[in-house]
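# Fold and contact review
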Amino acid sequence: MGEAPAISVDHLENGHSNGVYVKSEPKNIEISVEIGDRTFVIGGNHERNNFSIGVQIHDKNSNNWFSPIVLGTGPKPSQGYSAFVLEQGRILVIKKGPPRNESIWFLEVDSPYVREQKKLLGKEVVAWSKGVRGNAEKPIVISGPSGVGKGTLISMLMKEFPSMFGFSVSHTTRSPRSMERDGFHYHFADKKVMEKEIKDGKFLEFASVHGNLYGTSIESVEMVTDSGKRCILDIDVQGARSVRASSLDAIFIFVCPPSMKELEDRLRARGTETEEQIQKRLRNAEAEIKEGISSGVFGLILYNDNLEECYKKLKKLLGLDEVTSVNGVEIEEINLPTEHTVSKMEDKIIIQETGKETRNKIVLDISSLNGGAPGRTRGILVDAIKF
Ligand SMILES: Nc1ncnc2c1ncn2[C@@H]1O[C@H](COP(=O)(O)OP(=O)(O)OP(=O)(O)O)[C@@H](O)[C@H]1O
Ligand SMILES: Nc1nc2c(ncn2[C@@H]2O[C@H](COP(=O)(O)O)[C@@H](O)[C@H]2O)c(=O)[nH]1
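Just so it is clear, the structure is predicted and the values come from calculations on it, not from any experiment.

Moving on to the overall build of the protein chain. From N to C terminus, the protein chain includes eight helices and 26 strands. Put simply, the protein chain has 387 residues, and 48% of those count as buried. Of the contacts formed within the protein chain by residues at least 6 apart in sequence, a portion of 57% connects residues at least 24 apart. With an accessible surface of roughly 19,200 Å², the protein chain has 50% of that area assigned to carbon and sulfur atoms.

Rendered as structure tokens:
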């Protein structure tokens, strides 16, 4: 990573130190960051809602203020923020105060993702991602035609390795089946509500599948990865294509049936769809299999003929054939000091505690950042230096 562009953090009111600006009224705390001809005001009176702080942009050339579309979930209003401009159109925002594991955020103002969204939406866009320490293992995307056995294979994996894998619970507008529980098998959603959430940037991917809307919310994936587990997504081929184009660095597995006849038998034996729905799913299966095999989206193809054999192969692909049990590993909490100054030295952000008889420092190594909005920016390495 090279040098960061010039940064200017305005000190709009009282109190500043080395790039940190804090207003006295907790409700009005904001930080202002200049990049080129633009000033980004983060937080303050422009709070988006109680769940995530707002962003305003001032354009110096036109002397206009405007509110961009803010994608993703950002930090909650806090006692103050520090900011640093990084490469690739990202602002590192450090939130003061608790909770400690939600201190590091990235506001993308000109990243490849934001540029793509600007083009798509025809409006000014910024996007939040949460900073996460270290790198969890890559999520696993499993696709394949309806009835091929994806859910069965995933259940077997989760049963054998409960502390290692977590399932990303999708949203869908289809009706629940008799045995399905809301929040466990799916988040059963109202179409209008789901469409609004998609528009608000809360989904990693979505697609119309067999006549209903399905989608993976960023929160569903992050709930799994934040718990230290490897995330499994059971999504259709269109969704897999979108994930491939997103910032989520995943592995992609496509499951094929031994024959169309066997697929039909399995769908019928499951007994969860009407005859009309079975016919629709079988028609779609032909195109899905073609695309699954030839699109280049999937790096791994599995044939699910004999279930036990297929499960063994899946475990082998995931490097699990020898593993019998795995314990989840807790990541130690980051203890960022509330009163601090921030400076940058090459690929290191140095957070220096102030206000006490202490010179404790936290060093964030950002040389291996990956991922990004919408979702999480990973690869932050943290070192605490105590004096
Ligand atoms: N190898 C197999 N041989 C025989 N039956 C199987 C095999 N794998 C799965 N099945 C059965 O096929 C049916 C469909 O499996 P499953 O529900 O896991 O499919 P799916 O791919 O998750 O479908 P959908 O995409 O509709 O959710 C189930 O009744 C399951 O028990
Ligand atoms: N693009 C997405 N596809 C999804 C998601 N969740 C499930 N699916 C796929 O839908 C079909 C049908 O599922 P069913 O439960 O109605 O049988 C299946 O192929 C799933 O893989 C999602 O979030 N996004």
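Here the focus is the nonpolar core. Within the largest apolar cluster, 24 residues are counted, with the highest numbers of intra-cluster contacts made by Leu157, Phe165 and Leu318. Only strand S13 (140–143), helix H2 (150–160), strand S20 (251–256), helix H6 (260–270), helix H7 (275–294) and helix H8 (307–317) provide two or more residues apiece to this core. Among the elements that make up this core, the one with the highest residue count is H2 (four residues). Beyond its immediate sequence surroundings of up to four residues, leucine 318 is in contact with Ile140, Leu157, Phe165, Arg230, Ile251 and Ile253.

Near ligand 1 you find 15 residues, and of these Ser146, Lys150, Gly151, Thr152 and Arg270 are the closest. Backbone polar atom of aspartate 305 to a nitrogen atom of ligand 1: 2.9 Å apart, as the coordinates give it. Considered on its own, ligand 1 offers 640 Å² of accessible surface; in the complex 74% of this is hidden by protein. Listing elements by their share of the shell around ligand 1, those giving two or more residues are H2 and H6. Among the residues making up the shell around ligand 1, the classes are represented as three nonpolar, six polar and six charged.

To continue, consider the environment of lysine 348. Here lysine 348 is to be found in strand S23 (residues 348–353). Note: C-alpha distance between lysine 348 and leucine 381 (33 residues apart in sequence) is 9.5 Å. Residues within four places of lysine 348 in sequence aside, it is in contact with Ser343, Val363, Leu364 and Asp365.

Right, let's get into the sheet that holds strand S14 (residues 165–167). Taking strand neighbours across the sheet as the criterion, the five strands line up as S14-S19-S13-S20-S21 in an open arrangement whose pairing is parallel. Of all strands in the sheet, those with a lone pairing partner are S14 and strand S21 (300–303), marking the two edges. Strand-to-strand, the axes of this sheet are offset by a mean angle of 25°, without reference to chain direction. Where S14 lies against strand S19 (residues 230–234), three bridges are found, and the strand directions are parallel. Of the residues in S19, the one forming a bridge with phenylalanine 167 is isoleucine 232. Its contacts with the sheet put helix H4 (residues 218–226) on S14 and S19, and the angle it makes with S19 is roughly 150°.

This part is about the packing of aromatic side chains. With the rule as written, the count across this model stands at six aromatic pairs. Summarising the aromatic geometry, the rings of tryptophan 105 and tryptophan 128 are spaced 6.3 Å apart at their centres and angled 85° between planes, so their arrangement reads as edge-to-face. You can see tryptophan 105 sitting in strand S11 (residues 104–108) and its partner tryptophan 128 sitting in strand S12 (residues 125–133), a full 23 residues away along the chain. For the residue pair tryptophan 105 and tryptophan 128, the accessibility class agrees, reading buried in each case. A ring pair is formed by phenylalanine 161 and phenylalanine 165, whose centres lie 6.1 Å apart and whose planes are at 75°; its orientation type is edge-to-face. Among the aromatic residues, ring-to-ring pairing joins Tyr186, Phe188 and Tyr214 into one connected group. A cation over a ring is seen here: arginine 181 above phenylalanine 184, with NZ or CZ 4.4 Å from the ring centre.

As a further point, take helix H5 (residues 237–245). Within the sequence span of H5, burial applies to Val237, Gly239, Ala240 and Val243. Buried residues of H5, viewed axially, fall in a sector of 155°; they line one side. The elements touched by buried residues of H5 are S13, strand S17 (203–209), S20 and H7.

Before going further, it helps to examine the sheet that holds strand S18 (residues 212–217). Ordered in space as S16-S15-S18-S17, the four strands form an open sheet in which the pairing is mixed. Of all the strands in the sheet, the pair left with one neighbour each is strand S16 (187–188) and S17. Here two bridges tie strand S15 (residues 171–172) to S18, and the two strands are oriented antiparallel to one another. Paired with threonine 172 across the bridge in S18 is tyrosine 214. Those strands touched by H4 are S16, S17 and S18, and its axis lies near 40° from that of S18.

Moving on: the site of ligand 2. Around ligand 2, a shell composed of 19 residues is seen, among which Ser170, Arg174, Tyr186, Glu205 and Tyr214 lie nearest. A distance of 2.7 Å separates an oxygen atom of ligand 2 from a polar atom in the side chain of arginine 281. For ligand 2, whose free accessible area comes to 510 Å², the fraction covered by protein is 95%. Listed by contribution, the elements that provide at least two residues to the shell around ligand 2 are S17 and S18. Its residues placed into classes, the shell around ligand 2 shows five nonpolar, six polar and eight charged.

Turning our attention to the packing of H6 against H7. When two helices pack together, you describe them by how their axes are tilted relative to each other and by the distance separating the axes. Closest axis-to-axis distance for the H6/H7 pair is 11 Å, and the angle between their directions is 145°. When the axes of H6 and H7 are compared, the crossing they make is right-handed. Contact residues: Met260, Leu263, Glu264, Leu267, Arg268 and Arg270 in H6; Glu275, Ile278, Gln279, Arg281, Leu282, Ala285, Glu286 and Ile289 in H7.

Definitions and limits used
- Residues numbered from 1 in each chain as written.
- Chains lettered and ligands numbered in written order.
- Predicted model: local features only at pLDDT ≥ 70, side-chain atom pairs only at ≥ 80, totals over all residues.
- Heavy atoms only, no water.
- Helix = DSSP H or I, 4+ residues; strand = E, 2+ residues; numbered from the N terminus.
- Buried < 20%, exposed > 50% of the residue type's maximum accessible area, 1.4 Å probe, protein only.
- Contact = heavy atoms within 4.5 Å.
- Areas by Shrake-Rupley, 256 points an atom, 1.4 Å probe, with all protein chains shown as cover.
- Core = buried A, V, L, I, M, F, W, Y, C linked by side-chain atoms within 4.5 Å.
- Near = heavy atom within 4 Å.
- Polar contact = N/O pair within 3.5 Å; in protein donor to acceptor, adjacent residues only side chain to side chain.
- Nonpolar A, V, L, I, M, F, W, Y, C, P; charged D, E, K, R; others polar.
- Pairing = 2+ DSSP bridges.
- Axes fitted to C-alpha atoms, helices over the stretch in contact; angles between N-to-C directions.
- Phe/Tyr/Trp six-rings, centres within 6.5 Å; stacked < 30°, edge-to-face > 60°.
- Lys NZ or Arg CZ within 6 Å of the ring centre and 35° of its normal.
- Arc of directions from axis to C-beta.
- Left-handed = near helix turned anticlockwise from the far one by under 90°.

That's the geometry; what it means functionally is another story.
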